[in-house]
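# Examining the three-dimensional arrangement
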Amino acid sequence: MGNNISNKDAERIDACKTLECDGYKYTYQLDGSHFEIRPPEELGKGSCRSLLSQGRIQMTDFNLTFHRNIEASGEFRVPRTELIFCLGEGIEWGTSLKGSTFGIETGEIALLHGGGRAENCRYIENAAYRFLSIDMSPEQFGRMTEGMSGADRQRCGIGVEAFFTKHKLTASIRMILAQISECSYGQGMRELYLEGKMLELFAVYLNEVFYEADKVPLTVKLSKDDMRSLHLAKEMLQRDYAYPPTLAGLSRSICLNEFKLKKGFKDMFGTTVHAYVIEQRLQRAYHLLCHDRLSVSEAASQVGYGNVSHFAAAFRKKYGVRPGEYAMNSRRSSAEQL
């Protein structure tokens, strides 16, 4: 047992990052311990803080806007794996890892792992940066993916010295990220809740980008062009859920007939077009009630419900609680934390 603990301790993340401009320099450690950065008011606003710190795995919320250009550098003394979710401005960074340059844009997820390395980037003044990242040891990443097939583990870069891949944020992942951001649990339960959400986020990411993206049932008789059209339809519904196009209008927009749109959408994504729109509306309403503190009628209107009773019934069916109750409980928990 003692040897096992020693091995796990040896896996600890060992890295540091430095933010620097004229008259200011700050270095913080990514080593599995808690940290929080709040720049001076004249330099910027927001914070960079660890949400979960467990030695071999760490979840960090980077939410900063700088009033000047900031040079940032990082030193990663041991190999590590990083999963980054970009919710604000994108960024590009250079790395000594095979002399590569990596970049991530708004609405993307990046998975990067490799050996010890140095990195550098520049944060541009007045750009709103928001990243949620999960850092872990390669051994921890291996354990968290050990249930996958050998081929899928290879697609995740397991066993590869240096690996980088990007995917788009999905509605399901955005929902979990919002729940992490809005966590109002007290200190006693906060870590347990965030650990569960982090594992859920990781599982949904692996499932959606390494399984669902390429999984097309054998019964689906669609060309690659048809499938691209259906993915376009899904993106349009994610964007225009409050006032979605009619089936006829959506069909014309993606150049696919209505029959193929309805059947292909259900076969590929496991839900009807109508049900998918409702899902998007309710996920957004959940965020509006908690984070933006809108009233039930305001939230219903913003997500496209003209009838508040219909909205309340759909919300309760999905979340098991009436929207008014959910909003009241969420705000009470937030007030208790102040």
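Described in the following lines is the structure provided in the data block. (Residues numbered from 1 in each chain as written. Predicted model: local features only at pLDDT ≥ 70, side-chain atom pairs only at ≥ 80, totals over all residues. Heavy atoms only, no water.)

Among the nonpolar cores identified, the biggest contains 31 residues, and Leu 19, Phe 62, Ile 91, Trp 93, Ile 104, Tyr 123 and Phe 131 are the most heavily contacted of them. Residues contacting Phe 62, with those up to four places away along its chain left out, are Tyr 28, Ser 47, Cys 48, Tyr 123, Tyr 129, Arg 130 and Phe 131. If you look at the next biggest cluster of nonpolar residues, it comprises 30 residues, including Leu 51, Phe 141, Val 204 and Tyr 205. (Core = buried A, V, L, I, M, F, W, Y, C linked by side-chain atoms within 4.5 Å. Buried < 20%, exposed > 50% of the residue type's maximum accessible area, 1.4 Å probe, protein only. Contact = heavy atoms within 4.5 Å.)

One way to put it is that helix H6 (residues 224-239) packs onto helix H8 (residues 258-269) with a least axis distance of 10 Å and a crossing angle of 85°. On the basis of their axis angle, the class for H6 and H8 is roughly perpendicular. Here Asp 226, Met 227, Leu 230, His 231, Ala 233, Lys 234 and Leu 237 of H6 lie close against H8, whose contacting residues are Lys 260, Leu 261, Gly 264, Phe 265, Met 268 and Phe 269. Of the residues contributing to the contact of H6 with H8, the split by class is 8 nonpolar, 2 polar and 3 charged. (Axes fitted to C-alpha atoms, helices over the stretch in contact; angles between N-to-C directions. Helix = DSSP H or I, 4+ residues; strand = E, 2+ residues; numbered from the N terminus. Parallel < 35°, antiparallel > 145°, perpendicular 65-115°, else oblique. Nonpolar A, V, L, I, M, F, W, Y, C, P; charged D, E, K, R; others polar.)

With that settled, consider helix H11 (residues 308-319). If you check H11, its first and last C-alpha atoms are 16 Å apart, about what 12 residues at 1.5 Å a residue would give, namely 16 Å. Among all positions in H11, only Phe 311, Ala 314 and Phe 315 are buried. Projected onto a plane normal to the axis of H11, the buried residues spread over an arc of 100° and lie on a single side. Exposed side chains of H11 directed beyond 90 degrees from the buried face belong to Ser 309 and Lys 317. Among the residues of H11, the N-terminal cap falls to Asn 307, whose side-chain oxygen and the backbone nitrogen of Ser 309 are separated by 2.8 Å. Phi turns positive, to about 75°, at Gly 320, one or two residues after H11. (Expected span 1.5 Å × (residues − 1). Arc of directions from axis to C-beta. Polar contact = N/O pair within 3.5 Å; in protein donor to acceptor, adjacent residues only side chain to side chain.)

All right, on to the sheet that holds strand S8 (residues 91-95) then. Strands in a sheet are paired, the pairing made by backbone hydrogen bonds, and the direction either parallel or antiparallel. Across the sheet, 6 strands lie side by side as S2-S1-S6-S11-S8-S9; this open sheet has antiparallel pairing. Two strands bound the open sheet, and with one partner strand each, they are strand S2 (24-30) and strand S9 (101-104). Going across the sheet, the axis of each strand differs from the next one's by a mean of 20°, ignoring polarity. One ladder, built from 7 bridges, connects strand S6 (residues 70-76) with strand S11 (residues 117-123); its direction is antiparallel. Bridge pairing in S11 places Ala 72 opposite Cys 121. (Pairing = 2+ DSSP bridges.)

Here we take up the packing of aromatic side chains. Within the structure shown, the criterion is met by 17 aromatic pairs. Here the aromatic rings of Phe 62 and Phe 131 are separated by 5.9 Å at their centres, their planes lie at 55°, and the arrangement is tilted. Residue Phe 62 is found in strand S5 (residues 57-66), and its partner Phe 131 is found in strand S12 (residues 128-136); the two are separated by 69 residues along the sequence. Classification of Phe 131 by relative accessible area gives buried; the value is 8%. Seen in terms of ring centroids, Tyr 129 and Phe 131 are 6.3 Å apart; in terms of plane orientation they differ by 20°. Their pairing is stacked. Just as Tyr 129 is buried, Phe 131 falls in that class too. (Phe/Tyr/Trp six-rings, centres within 6.5 Å; stacked < 30°, edge-to-face > 60°.)

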